[in-house]
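Chain and residue survey
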Amino acid sequence: MNRISGDQRSSPTRRALLTAGAGAALVAGCTRGGASGAPAAATSSGSAPPTAAAGGLTPGAMTLFKDPAYNFNGLLALGGSGAGAAEVGEVLTAVNAINGAGLTAQTYVQTFRALGDQLLEAPPGAPADAQTKRFRALRAAQYYGQALFFVLGSDDPGSEEQLYKAGRGAWDTFCGLCEPAPVKANVPYGATPLPVWFFRPDTSATARPTVILTNGSDGQNVDMWTYGVPAALDRGWNALVYDGPGQGQLLFVDQVVFTPTWEKVVTPLVDWLSARSDVDPDKIALTGLSMAGDLAPRAAAFETRIAALVAMPGCVEPWLGFPPEIRKILTPDKQETNDIWNKEVVPELPPDAADVMKKRFEPFSIPAMLEARQGKLFTDFYTPATRIQALTITDVVGRIKAPTLVLDYEGEQFYPGQPRRMYDALTSPKDYLKLTAAQGAQLHCSPMAPQLHCEVVFDWLEKTLLDR
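All figures in this text were calculated on a predicted structure; none of them were measured in a lab. Here the residue numbering is sequential within each chain, running from 1 through the sequence in written order. Owing to the predicted nature of the model, reporting of local features is limited to residues with pLDDT of at least 70; listing and counting of side-chain atom pairs is limited to 80 or more, with chain, interface and lining totals taken over all residues. Side-chain metrics rest on all non-hydrogen atoms present in the structure, leaving aside hydrogens and water.

Moving on to the overall build of the chain. The helix and strand inventory of the chain stands at 19 helices and eight strands. Categorising residues by exposure relies on relative accessible area from a 1.4 Å probe, with only protein chains included: less than 20% of the type maximum marks a residue as buried, more than 50% marks it as exposed, and the intermediate range marks it as partly exposed. Within the span of the chain, comprising 468 residues, buried residues form 61% of the whole. Whether two residues touch is decided by their heavy atoms; if any such pair falls within 4.5 Å, the residues are in contact. Considering only intrachain contacts with a sequence separation of at least 6, the fraction spanning at least 24 residues in the chain is 76%. The secondary structure listing takes helices from DSSP runs of H or I that are at least 4 residues long and strands from runs of E that are at least 2 residues long, numbered from the N terminus.

In structure tokens form, the structure reads like this:
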């Protein structure tokens, strides 16, 4: 296992460092985290970022785009096809159109947004029935999510909230046409309630095992469909999808950023579930995808009613997901940090790397998000950076009592080494599993193999909760 060293506080030679180091690393590391939720990859050696090396893990037809950031996003869309959350032909046609026009944030956003719009219209031929409308809406939600990820680098960054609402509208249309439709509710959480969608195999009052599906830092609800809802329903489980602070509605509309105390998010969800007659309160599991591989374990360290936990992948220090060149900007002093950022770093930051920083920091800073929507780069680096640092859970992993599965991925490009660190720190019953390129399940969150991903997770959950 390669341990990742802590932050280095010495001042770097930032002019050379940013142009040759952080800028390139950030551009390579801009991938959808939400399913991704992860920033640019960090290394302990200062060598080329793993994202560049990971290109060897996407040979031939797996390389949709030469740029690894866009390629990862395209693979996520393609992988959703198995759950009905994309169509192979639609994705590949979009890929061809984008490459033909020249890959940029603008062409990517424009192409996938148009595809989402198209799917909300009637298909060729006979009028669409409810089932057709349902899955066209689900695919539209996927494509709007693809466009949303890169919109801050497009010609119209101010359309971010509108684009989010388009995807959310498609998701709600899909949910309303499910049979049975998920229960929609708002669960109390501070001044801003958490929107939830509670999926059930049927409307009986049978008390069932239930999984709470937790998204990463910039995934959308459609990703939680791909990474868990059908797998749960097919096994007779309930599944809860929700937006927490820093995610979905709470970020883009309500303007609430991430919190390091994720147990305060999960506990009201468990309260709400436990009050339902169709939930077995002794069989509530919690999963965390991408950066939620940090959030969910944090919650389970304090919320003792969680009966089983899955970290996908295990993550203990999200801040290490940024290149060391970026981490070195942060000092204990806010003014010093922001002076370094604004006077030394920003003037040397390439435009594409600046767009990455806008995207990476917006879930942790509302001013950064609002400035990005105006085409501006934030000026306060210190506040969001310290919020990301605060997500470190190395001091609480040992408190987790629930049986835990820690997933890892061959070529994990965002949190390399961290799944094993989490596994080693756990004192509860635990399992560690790495998904591999030989299975087509390489890279962060196995973007090309979400069905295999779900098989692994739910087989383990069944064994852990139902056989005890």
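Here an axis means a line fitted to C-alpha atoms, over the contact stretch when the element is a helix, while the angle between two N-to-C directions is reported on a 0 to 180 degree scale. Where helix H3 (residues 68–79) contacts helix H4 (residues 88–101), the two axes come as close as 9 Å, and the packing angle between them is 160 degrees. By the angle between their axes, H3 is roughly antiparallel relative to H4. In this structure, H3 crosses over H4, and the sense of that crossing is right-handed. Residues Gly74, Ala77 and Leu78 of H3 form the contact with H4, whose participating residues are Val88, Val91 and Leu92. When an angle is under 35 degrees it counts as roughly parallel; over 145 it counts as roughly antiparallel; between 65 and 115 it counts as roughly perpendicular; any other value is oblique. For any helix crossing, the convention is left-handed if the near helix is rotated counterclockwise from the far helix by under a right angle, and right-handed if that rotation is clockwise.

All right, on to the pattern of salt bridges then. We count a salt bridge whenever a side-chain nitrogen from Lys or Arg sits within 4 Å of a carboxyl oxygen from Asp or Glu. One pass over the full model with this rule turns up 18 salt bridges. The partner of Arg208 in a salt bridge is Asp202, and the shortest N-O contact between them spans 2.6 Å. Under the relative-accessibility criterion, Asp202 is labelled partly exposed at 29%. Three or more residues joined by partner-sharing salt bridges are found here, namely Glu160, Glu161, Lys165 and Arg373.

Among the 11 residues of helix H12 (residues 292–302), 10 are classified as buried, and the element is accordingly described as predominantly covered. Three or more residues of H12 are buried, namely Ala292, Gly293, Asp294, Leu295, Ala296, Pro297, Arg298, Ala299, Ala300 and Ala301. Lining the buried residues of H12 we find strand S3 (208–214), helix H11 (263–274), strand S5 (279–289), strand S6 (308–312) and helix H18 (418–425).

Attention shifts here to empty space enclosed by the protein. For cavity detection a 1 Å grid was placed over the protein atoms alone, and a set of points counts as a cavity when a 1.4 Å probe fits there but cannot get out; an open set counts as a pocket when protein lies on both sides within 12 Å along at least five of seven lines, with lining residues being those that have an atom within 4 Å of a point. Grid points are joined across faces, edges and corners, and a volume is the space filled by probe spheres set on the points. Summed over all chains, the structure comprises four cavities of 30 Å³ or more. In this structure, the largest cavity spans a volume of roughly 110 Å³. Around the largest cavity, the lining is made up of 14 residues, and of these Tyr164, Gly167, Arg168, Gln220 and Asn221 lie nearest the centre. Among the elements that take part in the lining of the largest cavity, helix H7 (residues 160–176) stands out by supplying five residues, more than any other. Taken together, the residues of the lining of the largest cavity break down into seven nonpolar, five polar and two charged. Just so you know the grouping, Ala, Val, Leu, Ile, Met, Phe, Trp, Tyr, Cys and Pro go in nonpolar, Asp, Glu, Lys and Arg go in charged, and all remaining residues, Gly too, go in polar.

Considering soluble globular proteins, one finds that nonpolar side chains tend to be buried as a cluster. Ranked by size, the top nonpolar core spans 145 residues in total, and within it Trp171, Phe199, Phe381 and Leu461 carry the most contacts. Here the element with the most residues in this core is helix H6 (residues 130–150); it accounts for 10 residues. To define a nonpolar core, start from buried Ala, Val, Leu, Ile, Met, Phe, Trp, Tyr and Cys residues and group those joined through side-chain atoms within 4.5 Å.

This paragraph deals with helix H17 (residues 382–389). Of all the positions in H17, only Thr383, Pro384, Ala385 and Ile388 are classed as buried. In this structure, the buried residues of H17 make contact with helix H14 (334–345) and helix H15 (351–361).

The next point concerns the sheet that holds S5. Two strands are said to pair when DSSP picks up at least two bridges between them. Taken in spatial order, the eight strands make up an open sheet running S1-S2-S4-S3-S5-S6-S7-S8, and their pairing is mixed. Two strands bound the open sheet, and with one partner strand each, they are strand S1 (183–187) and strand S8 (430–435). Taken over all neighbouring pairs, the strand axes of this sheet differ in orientation by 20 degrees on average, direction set aside. Sheet analysis places S1 next to strand S2 (residues 194–199), joined by five bridges and oriented antiparallel. In the strand pairing of S2, Val187 is matched with Leu194. Along the sheet, H12 makes contact with S3, S5 and S6, crossing S5 at roughly 145 degrees.

To continue, consider the confidence of the model for the chain. Of the residues in the chain, 88% reach a pLDDT of 70 or more, and the chain-wide mean stands at 90. Each residue gets a pLDDT score, which is the predictor's confidence in that residue and runs from 0 to 100. Segment residues 1–21: pLDDT under 50, and 40 contacts once partners within four positions in sequence are set aside and those in other chains are kept. Confidence drops under a pLDDT of 50 for residues 28–54, and excluding neighbours within four residues, the segment shows 116 contacts in the predicted structure.

Quick look at the state of the cysteines now. Throughout, a disulfide means two cysteine sulfur atoms within 2.5 Å of one another. Under the definition given, this model contains zero disulfides. Summary of cysteine pairing: Cys178 is not part of a disulfide, and the nearest cysteine sulfur, belonging to Cys175, is at 5.5 Å. With relative accessibility at 5%, the residue Cys178 sits in the buried group.

The subject of this paragraph is the environment of Pro180. Tracing the backbone through its elements, the reader meets Pro180 in the loop between H7 and S1. Remark: the alpha-carbon pair of Pro180 and Thr203, spanning 23 residues in sequence, is separated by 6.9 Å. Those residues within four positions of Pro180 in sequence are excluded, and the remaining contacts are Arg200, Pro201, Asp202 and Thr203.

This part takes up unusual backbone geometry. Note that the residue after Glu179, namely Pro180, is joined by a cis bond; omega there is 0 degrees. Phi at Ser290 takes a positive value of approximately 60 degrees, unusual for a residue other than glycine. Along the chain, Ser290 falls in the loop between S5 and H12. Relative accessible area serves as the criterion here: at 0%, Ser290 is assigned to the buried category. Of note, the phi angle at Ser446 is positive, near 50 degrees, even though the residue is not glycine. Inspection of the secondary structure puts Ser446 in the loop between S8 and helix H19 (450–466).

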